[in-house]
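Chain residues, written in single-letter form:
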Amino acid sequence: MANGVFHTGHGIEINLTYEDLDNPDYAGLLEEITQPVGQRPRDLLQCLKDYRGEECQCALAGKTPWMFVRRQRSNGHVTWVAAHLPLTHAATPQESDKHKAMKERIARTAARHGLEVQTEARSQDGRVITDVLVTGAGARVGWEAQYSPITANTVRRRSAKARERNIAPLWVTADDTSALIDRAPWTRVDDVPWQRIVSPLALIIRGGVRHLQIWKCTPSSERPCPETGSTCGKWHSGWFLPALCLPQERATQLDELIVTSADGEHLPVRSRNRHDARRASYLWALASDVRRWREITGETDVPPESGTADDEPVTYTERELDSSCRYGEEGPHTNGPRPHRDLSSATGLHTFDHAPDQSLLQPSRPIALRLTARERLMVAADLKCPPWEIGPCMLCATPIHRYGPRSPMACPACRLISRSR
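Note that the structure is predicted; figures quoted are calculated from it, not measured.

Student: Just to check I follow, could you spell out the side chain of Thr252 for this structure?
Tutor: Mapped onto the elements of the fold, Thr252 is located in the loop between strand E13 (235-240) and helix H7 (254-263). Apart from the residues lying within four places of it in its own chain, the contact partners of Thr252 are Ile204, Ile205, Val209, Leu257 and His266.

Right, here's the structure in full:
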């Protein structure tokens, strides 16, 4: 990638390694050259080597010398680089098959549950095309099946256009390093062949769906203090993956989210990182959890900020302008590895001094018994323990598992309150 480019409109050479682009007299120059190509003249930026009349590799390949500017991560830093147009990723046959299979699965599942479905749904002005638009009683959800590389700016721009049309964007990927993660409402499934995607077998959601956890930080707490690592005596809340919930929540299936997101049972949440104002996390959560989270934290649905506030800051190295043309060496959009983001830990952690209302501590999803009495007896015999049953919590009457009527127990929320007293 080149660190310089020629601006055909102003007739100036631009050095992308300087914060002022080595042109301090041109205000707003960076915003002008980094806007989407579709919103500015395609020939605005030209390869420096071609401009200087030298032999440009792109010309030898029969391509145009026009360029665009994008971010690139290399050696732990983010810089601006110039690359030739068109520089797009052509989906491989495997990616294309997976993309089509995912669209088919989403549409088939939604239709089977009586939801309104449109594939390749085009907006009235024709500027927005949604892979699968699912409309239910709670929302219009625009599913985007993403199996090829995509830039964060593209995700933000397309998601913003969807929201302008009252569509809740929902991106699904199988890549845990995809740039779409936490740039818009998202979810992740396992990377499996297209035959598995289109089959009736379950696809478990591995990321993007979380559950609210609330606990008091005491010496007997099952979780360490997120503030001090020991014990602070305060209350904490945060969004956790199902496997890290106490007690563990069941994982959500993709087909389930297709229906519940349209019916309003799952809602998108955007939570700001209180330690880093530039960062925000997106997740899907049960509506009951979202209501409790808002009551406890006071946070509301804040529309995403424009721009790239949640991206890493650009590093300006102030190097000498390089006019060499590297066309043919660029390949598809590639970056160095993104910084590791611990997606297994809690998101949106909040700490508060006073206990929330007891009603906010009740389990968000009632415990359901799916075993018959005979099956319980068989399991008990195998485990050499008394058969368990569903019975009321001795304090709040919430249904819980217990070993017979003579084994009174409290639900997790009541035990938590009892420990804090």
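Student: Looking at this structure, how should I read the pairing of strand E9 (residues 168-173)?
Tutor: For a regular strand, side-chain orientation follows a simple rule: the groups alternate between the two sheet faces. Counting buried positions along E9 gives five out of six residues, so the element sits mostly inside the fold. By the bridge criterion, six bridges tie strand E8 (residues 140-146) to E9 in an arrangement that is parallel. Bridge assignment links Gly142 to a residue of E9, and that residue is Pro169. Read from E8 through helix H5 (residues 152-164) to E9, the crossover connection turns out right-handed.

Student: Hey, could you run me through the sheet that holds strand E2 (residues 12-15) in this one?
Tutor: Pairing between the strands of a sheet comes from backbone hydrogen bonds, and it takes one of two forms, parallel or antiparallel. Ordered by their spatial adjacency, three strands build an open sheet running E2-E1-E3, and the pairing between neighbours is antiparallel. Strands with a single pairing partner mark the edges of an open sheet, and in this sheet they are E2 and strand E3 (45-46). Relative to E2, strand E1 (residues 4-7) runs antiparallel, the two being bridged by four bridges. What sits directly across from His7, in E2, is Ile12.

Student: Teacher, can you tell me more about the sheet that holds E13 here?
Tutor: A sheet is described by the order of its strands in space; here three strands give the open sequence E12-E13-E16, paired in antiparallel fashion. Both edges of this open sheet fall to strand E12 (211-216) and strand E16 (347-352), since each of them pairs with a single strand only. The average angle at which neighbouring strand axes cross in this sheet is 15 degrees, direction not considered. By the bridge criterion, four bridges tie E13 to E16 in an arrangement that is antiparallel. Paired with Ser237 across the two strands is His350, which belongs to E16.

What counts and what doesn't
- Residues numbered from 1 in each chain as written.
- Predicted model: local features only at pLDDT ≥ 70, side-chain atom pairs only at ≥ 80, totals over all residues.
- Heavy atoms only, no water.
- Helix = DSSP H or I, 4+ residues; strand = E, 2+ residues; numbered from the N terminus.
- Contact = heavy atoms within 4.5 Å.
- Buried < 20%, exposed > 50% of the residue type's maximum accessible area, 1.4 Å probe, protein only.
- Pairing = 2+ DSSP bridges.
- Right-handed = clockwise from strand over helix to strand, strands pointing away.
- Axes fitted to C-alpha atoms, helices over the stretch in contact; angles between N-to-C directions.

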